[in-house]
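Each chain is listed here by its residues.
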Amino acid sequence: ILNVEQSPQSLHVQEGDSTNFTCSFPSSNFYALHWYRWETAKSPEALFVMTLNGDEKKKGRISATLNTKEGYSYLYIKGSQPEDSATYLCALKAAGNKLTFGGGTRVLVKP
Amino acid sequence: DVKVTQSSRYLVKRTGEKVFLECVQDMDHENMFWYRQDPGLGLRLIYFSYDVKMKEKGDIPEGYSVSREKKERFSLILESASTNQTSMYLCASSLPGQGATGELFFGEGSRLTVL
């Protein structure tokens, strides 16, 4: 079983502040790194799928970077809003169709 | 709008009962997955299926079985529910192969409590 770790487990952010958190994974047999957002009472939804070392992707105020050589990805939220409150999951795709998920970072944005 | 539908949002069962969790997707996806989510442990893969009547064990298959008789439907079965199977169960589907995305489309989850 691959070891995918996310830190911190949870964080509180003041509305308007920016924040970031980490996903670390074994760099061998890397194929893709996924980020999902899971809001309470909803389905997890894909934010980004990243495949290349040095990839940077952006969706609105949320962006992500990828370093496959050292085995980490950062997710950034710029100017956090209450609607950004969610659990953010990263998942590693190595060989095959399986994704291995990290434990998630739970973000709470305080108005 | 693409959709993955899980039959029950909340279930309460007794120890030893047989439990069926149903999942239907309308995207014609070959791949379907069952995960469980427990606090601090992320999503853990129970079983997945590449095609009709195909199934493969995930990381935690013990105590579970699955059925894929039709492409759009993937069922998770707890033959004899136990209290340690109290959890949130998520179904997902995706397109096949080593494609660039392979992103998962999830249902809303089924929260199972076993008493």
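From a predicted model like this one, the values you see are computed outputs, not experimental measurements.

Participant: I'd love a proper account of the pairing of strand β7 (residues 62-67) of chain A, names of residues and values included.
Facilitator: Put simply, side chains in a regular strand alternate between the two faces of the sheet. Residue and element names in this part refer to chain A. Among the six residues of β7, five are classified as buried, and the element is accordingly described as predominantly covered. In terms of strand pairing, strand β6 (residues 56-59) meets β7 through four bridges, oriented antiparallel. Across the sheet, residue Glu56 finds its bridge partner in β7, namely Thr65. The antiparallel pairing of β6 with β7 creates a hairpin that spans two residues between the two strands, and Gly60 there sits at a positive phi of about 65 degrees.

Participant: I'd like a rundown of the nonpolar core, residues and numbers included.
Facilitator: Residues and elements named next belong to chain A. Core analysis: the biggest nonpolar cluster contains 23 residues, and Phe21, Phe25, Leu33, Trp35, Phe48, Leu75 and Tyr88 have the highest contact counts within it. Mapped by element, the contributors of at least two residues to this core are β2 (10-14), β3 (19-24), β4 (32-38), β5 (45-50), β7, β8 (72-77), β9 (86-93) and β11 (105-110). Tallying contributions element by element places β9 first for this core, with four residues. Not counting residues within four places of it along the chain, the set of residues in contact with Tyr88 comprises Gln6, Phe21, Trp35, Tyr36, Arg37, Leu47, Ile62, Leu75, Ile77, Gly104, Thr105 and Val107.

Participant: For the layout of surface pockets, give the residues involved together with the corresponding values.
Facilitator: One water molecule sets the probe size; rolling that probe over the atoms shows where empty space is left. Roughly 740 Å³ of volume is contained in the largest pocket. Looking at the largest pocket, it is lined by 30 residues, and the ones nearest its centre are Trp38(A), Thr87(A), Arg106(A), Gln37(B) and Arg111(B). Within the residue set of the lining of the largest pocket, elements represented by two or more residues are β9 and β11 of chain A together with β4 (31-38), β9 (87-94) and β11 (110-114) of chain B. Here the residues of the lining of the largest pocket are counted per class, giving 10 nonpolar, 13 polar and seven charged.

Conventions and cut-offs
Residues numbered from 1 in each chain as written. Chains lettered and ligands numbered in written order. Predicted model: local features only at pLDDT ≥ 70, side-chain atom pairs only at ≥ 80, totals over all residues. Heavy atoms only, no water. Buried < 20%, exposed > 50% of the residue type's maximum accessible area, 1.4 Å probe, protein only. Helix = DSSP H or I, 4+ residues; strand = E, 2+ residues; numbered from the N terminus. Pairing = 2+ DSSP bridges. Core = buried A, V, L, I, M, F, W, Y, C linked by side-chain atoms within 4.5 Å. Contact = heavy atoms within 4.5 Å. 1 Å grid on protein atoms, 1.4 Å probe; cavity = no way out; pocket = protein on both sides within 12 Å on 5 of 7 lines; lining within 4 Å. Points joined across faces, edges and corners; volume = space filled by probe spheres on them. Nonpolar A, V, L, I, M, F, W, Y, C, P; charged D, E, K, R; others polar.

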